Structures are given as structure tokens and as C-alpha cells.
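Chain by chain, the residues:
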Amino acid sequence: MSLSSTNMQEKEMSYTTNGFTIDEVGFIQIALTKVLAAVARGELDLNLIAREELAARGLDKNGVWVGFDQAAKIHYV
């Protein structure tokens, strides 16, 4: 295997984490395949689920406590 092939394999197997560590985004590795496939097909909106979860915790888009009512307004849920 050439060096360029090795580099391509490493790139293909890495996540685009935008500054988050693999430990921080590692939860995706235990997600069911059918869930990941639904997300990839656009049938499941992880952004909406994240907003609903933040609202349920009373947090704004930066994870700061704002209370449940305000969080629901911020996240439109």
C-alpha cells in the first residue's frame, strides 16, 4: 500500500468534528445503523432533536440556563 493510499484511508475513516474531540462526538459510534441511515437520508433531523433536548434542559443555543419557557421560545419547540 502506498503512502498516499494510507493517507486516503485515514482521511476516509476520520470524522469532521469542527474542534470537538472524538470523545465528545463518540456517541455517534453507538448509534443504531438504522438511525444513522435515516439521518443520512434526511428522514431524521438531528438538529431538531438537539434543539428539543436543549429546550427540555432549559438551555439556550450556547448551553446556558435560561429556563424552560425561554428555551422553548429560543428553539421554537
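Whatever comes next refers back to the structure up there.
Residues numbered from 1 in each chain as written. Predicted model: local features only at pLDDT ≥ 70, side-chain atom pairs only at ≥ 80, totals over all residues. Heavy atoms only, no water.

1. Regarding the overall build of the chain
- If you tally the helices and strands in the chain, you get five helices and zero strands.
- Reading the helices (α) and strands (β) of the chain from amino to carboxyl end gives α-α-α-α-α.
- Counting the 77 residues in the chain, one finds 14% classified as buried.
- Here the analysis covers contacts within the chain between residues at least 6 apart in sequence; of these, 8% occur between residues at least 24 apart. (Helix = DSSP H or I, 4+ residues; strand = E, 2+ residues; numbered from the N terminus. Buried < 20%, exposed > 50% of the residue type's maximum accessible area, 1.4 Å probe, protein only. Contact = heavy atoms within 4.5 Å.)

2. Focus: unusual backbone geometry
- In this model, N18 sits at a positive phi of 50°, which is unusual for a non-glycine residue.
- Relative to the helices and strands, N18 is located in the loop between α1 (3–12) and α2 (22–25).
- Phi at Y76 takes a positive value of approximately 55°, unusual for a residue other than glycine.
- Relative to the helices and strands, Y76 resides in the segment after α5 (68–75).
- Taking relative accessible area as the criterion, Y76 reaches 73% and is therefore assigned exposed.

3. As for the pattern of salt bridges
- Counted under the stated rule, the structure contains two salt bridges.
- Here E53 makes a salt bridge to R57, at a shortest N to O gap of 2.8 Å. With E53 and R57 both in helix α4 (residues 46–57), this residue pair falls four residues apart, about one helical turn.
- The partly exposed category is assigned to E53, whose relative accessible area is 37%. (Salt bridge = Lys/Arg side-chain N within 4 Å of Asp/Glu carboxyl O.)

4. What to know about α4
- With twelve residues, α4 extends 16 Å between its outermost C-alpha atoms, agreeing within 8% with the 16 Å of an ideal straight helix rising 1.5 Å per residue.
- The residue sitting at the N-terminus of α4 and contributing the capping side-chain oxygen is D45; that oxygen lies 2.9 Å from the backbone nitrogen of N47.
- Just downstream of α4 lies G58, where phi reads positive at about 75°. (Expected span 1.5 Å × (residues − 1). Polar contact = N/O pair within 3.5 Å; in protein donor to acceptor, adjacent residues only side chain to side chain.)

5. Things to note about the environment of L54
- One can find L54 in helix α4.
- Of the residues examined, L54 reaches a relative accessible area of 23% and is grouped as partly exposed.
- For L54 and A71, which are 17 residues apart along the polypeptide, the C-alpha to C-alpha distance reads 7.3 Å.
- Look past the residues within four positions of L54 in its chain and what remains in contact with it is L59, D60, A71 and H75.

6. Side note on the packing of α4 against α5
- Two elements in contact, α4 and α5, have axes whose closest approach is 7 Å; the angle formed by their N-to-C orientations is 165°. Taken as axis vectors, α4 and α5 run roughly antiparallel relative to one another. In the crossing of α4 with α5, the sense of the turn from one axis to the other is right-handed. Judged by residue contacts, R51, L54, A55, A56 and R57 of α4 engage F68, A71, A72 and H75 from α5. (Axes fitted to C-alpha atoms, helices over the stretch in contact; angles between N-to-C directions. Parallel < 35°, antiparallel > 145°, perpendicular 65-115°, else oblique. Left-handed = near helix turned anticlockwise from the far one by under 90°.)

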